[in-house]
Amino acid sequence: AICFGRYDVIVLINETVEQASKDMEAIYNELTHNVILKRIFGKIEAVINNAKMKVFYLPFLKKEVAVFATGMNGRIRGIHYKQRRPQLVFVDDFESETNSDTAEGRDKVQRTIGSKIMNMCDSKYKMVFQGTIIHHEAFLPSVKDLKMFTDSRGRYLEKAISDSPSIKLNPTTITSHIHIRV
């Protein structure tokens, strides 16, 4: 998504801003040090480089792509770069035992998703929710029943972490969900 410059603004949301920043740092390292990417796309540079935001210059396209990192309790609404709102959002591992074991915690996650995350993008966007099911009443297991993810603009995919019959895992914790809202 970054190398081809399809999206001007991308946001990574994790449970904490620290984890989102680590994910963004991994992306930065791959884009700036991967020899194969350099051969294909030229030298991709971070023209703005801090823990919560990186702006990559793509010489191949003569274009900038902004990537933001934030947490569920961080600043989510109002993210923009040069008057552009996010067109691609990854919400990854946002549910944990800390925020989803209690009814109060699950309600807070639902409110954050409904009031902040679902209202942060341009009119055309892609949004991916992925993670491990922490509780049967949390957000991820309920997505397959929500109209916004099953109508003509949404997709629901479910994939087991391991297809090996020799690995015995609790079925409520072995599923990684990817939910795309287009």
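Residues numbered from 1 in each chain as written. Predicted model: local features only at pLDDT ≥ 70, side-chain atom pairs only at ≥ 80, totals over all residues. Heavy atoms only, no water.

Visitor: Requested: an account of the pattern of salt bridges, with residues and values cited.
Guide: Any two side chains of opposite charge can pair, on the condition that their charged atoms come close. This structure, assessed with the given rule, holds five salt bridges. Its salt-bridge partner being R84, residue D8 comes within 2.7 Å of it at the nearest N-O pair. Note that D8 is positioned in the segment before β1 (9-14) and R84 in the loop between β4 (63-71) and β5 (88-92), a separation of 76 residues in sequence. For D8, a relative accessible area of 19% puts it in the buried group. Within this structure, D8, K63 and R84 form a network of salt bridges that share partners. (Salt bridge = Lys/Arg side-chain N within 4 Å of Asp/Glu carboxyl O. Helix = DSSP H or I, 4+ residues; strand = E, 2+ residues; numbered from the N terminus. Buried < 20%, exposed > 50% of the residue type's maximum accessible area, 1.4 Å probe, protein only.)

Visitor: How would you sum up the confidence of the model for the protein? Please name residues and give values.
Guide: A low pLDDT means the predicted coordinates there should not be read in detail. The pLDDT averaged across the protein works out to 84; a share of 84% of its residues lies at or above 70. Ignoring residues within four places in sequence, the model shows residues 167-177, a span with pLDDT below 50, making 26 contacts including any to other chains. (pLDDT = per-residue confidence, 0-100. Contact = heavy atoms within 4.5 Å.)

Visitor: If you had to explain the packing of aromatic side chains to someone new, which residues and values would you point to?
Guide: The final tally for this structure, using the stated rule, is six aromatic pairs. Taking the centre distance of 5.8 Å and the plane angle of 70 degrees together, the rings of F94 and F129 count as edge-to-face. One end of the pair, F94, is in the loop between β5 and α3 (97-100); the other, F129, is in strand β6 (residues 126-132), with 35 residues separating them in the sequence. The two residues F94 and F129 agree in class, both being buried. Through pairs of rings, three or more aromatic residues link up here, namely F4, F41 and F60. The aromatic ring of Y28 is capped on one face by K54, whose charged end is 5.1 Å from the ring centroid. (Phe/Tyr/Trp six-rings, centres within 6.5 Å; stacked < 30°, edge-to-face > 60°. Lys NZ or Arg CZ within 6 Å of the ring centre and 35° of its normal.)

Visitor: Requested: an account of the pairing of strand β2 (residues 45-49), with residues and values cited.
Guide: Where β2 and strand β3 (residues 53-58) come together, four bridges link them in antiparallel fashion. The partner of A46 across the bridge, within β3, is F56. Once β2 ends, the chain turns through three residues before running back antiparallel as β3. (Pairing = 2+ DSSP bridges.)

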